[in-house]
Amino acid sequence: MQTVVIVIHLMIVAVMIGAVLLQKSEGGGLGMGGGAGFMSSRGTANLLTRTTAILAVGFFLTSLFLSWYAGYDRKPSSIIGQPAQTQPAGGSPIAPPTSGGILDSLKKADEQQQAPAPTGPQVPRSQ
């Protein structure tokens, strides 16, 4: 279903680009005069304007449908309650939070991995 709507959406886009490029330039945009296109007269401008408007509505509707269809079966999920997939370099894995939230569990993991604080000033060691 989604593939069919995407193909229709792309066809609308291609035809709309062509319709816009065929329209006569009214304000002398980019320094070019309107000149006589392959069709001239007021009726052609009216036809191209209506065609562009219809194609714009089709583009808008297919865009809305595609965005709605993409989120149709999406279920809300939380990444906070998921267990960690990798183990830290310190050794023991971080347990998933049971209470207090992710920040509390990260604080506990940091406390477990930290080395004891030095008791006094330390002399730098050469490598």
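Above this text sits the structure in question.
Keep in mind the model is a prediction, meaning the values are calculated, not measured.

> For this particular structure, what's the right way to read helix H1 (residues 2-22)?
Each α-helix winds once per 3.6 residues, and so residues spaced three or four apart point in a common direction. The end-to-end C-alpha separation of H1 is 30 Å, in line with the 30 Å expected for 21 residues at 1.5 Å each. Where H1 is concerned, the buried positions are Val5, His9, Ile12, Met16 and Ala19. Along the long axis of H1, the arc covered by the buried residues comes to 90°, so they all point the same way. In H1, those exposed residues whose orientation departs by more than 90 degrees from the buried face are Thr3, Leu10, Met11, Ala14 and Leu21.

> When you look at the packing of aromatic side chains in this model, what are you seeing that I'm missing?
Given two aromatic rings, their pairing is described by the distance between the two centres and the angle made by the two planes. In total, this model carries four aromatic pairs according to the counting rule given. Seen in terms of ring centroids, Phe65 and Tyr69 are 5.7 Å apart; in terms of plane orientation they differ by 20°. Their pairing is stacked. Highlighted residues: Phe65 and Tyr69, both in helix H2 (residues 42-70), separated by four residues, approximately one helical turn. We classify Phe65 as partly exposed; its relative accessible area is 24%. Since its relative accessible area comes to 32%, Tyr69 is described here as partly exposed. Each ring, one from Trp68 and one from Tyr72, has its centre 5.1 Å from the other, and the planes form 55°; the classification is tilted. Classification of Trp68 as partly exposed rests on a relative accessible area of 48%. Assessed through its relative accessible area of 52%, Tyr72 is described here as exposed. Ring pairing ties together the aromatic residues Phe65, Trp68, Tyr69 and Tyr72, which thus form one cluster.

What counts as what
- Residues numbered from 1 in each chain as written.
- Predicted model: local features only at pLDDT ≥ 70, side-chain atom pairs only at ≥ 80, totals over all residues.
- Heavy atoms only, no water.
- Helix = DSSP H or I, 4+ residues; strand = E, 2+ residues; numbered from the N terminus.
- Expected span 1.5 Å × (residues − 1).
- Buried < 20%, exposed > 50% of the residue type's maximum accessible area, 1.4 Å probe, protein only.
- Arc of directions from axis to C-beta.
- Phe/Tyr/Trp six-rings, centres within 6.5 Å; stacked < 30°, edge-to-face > 60°.

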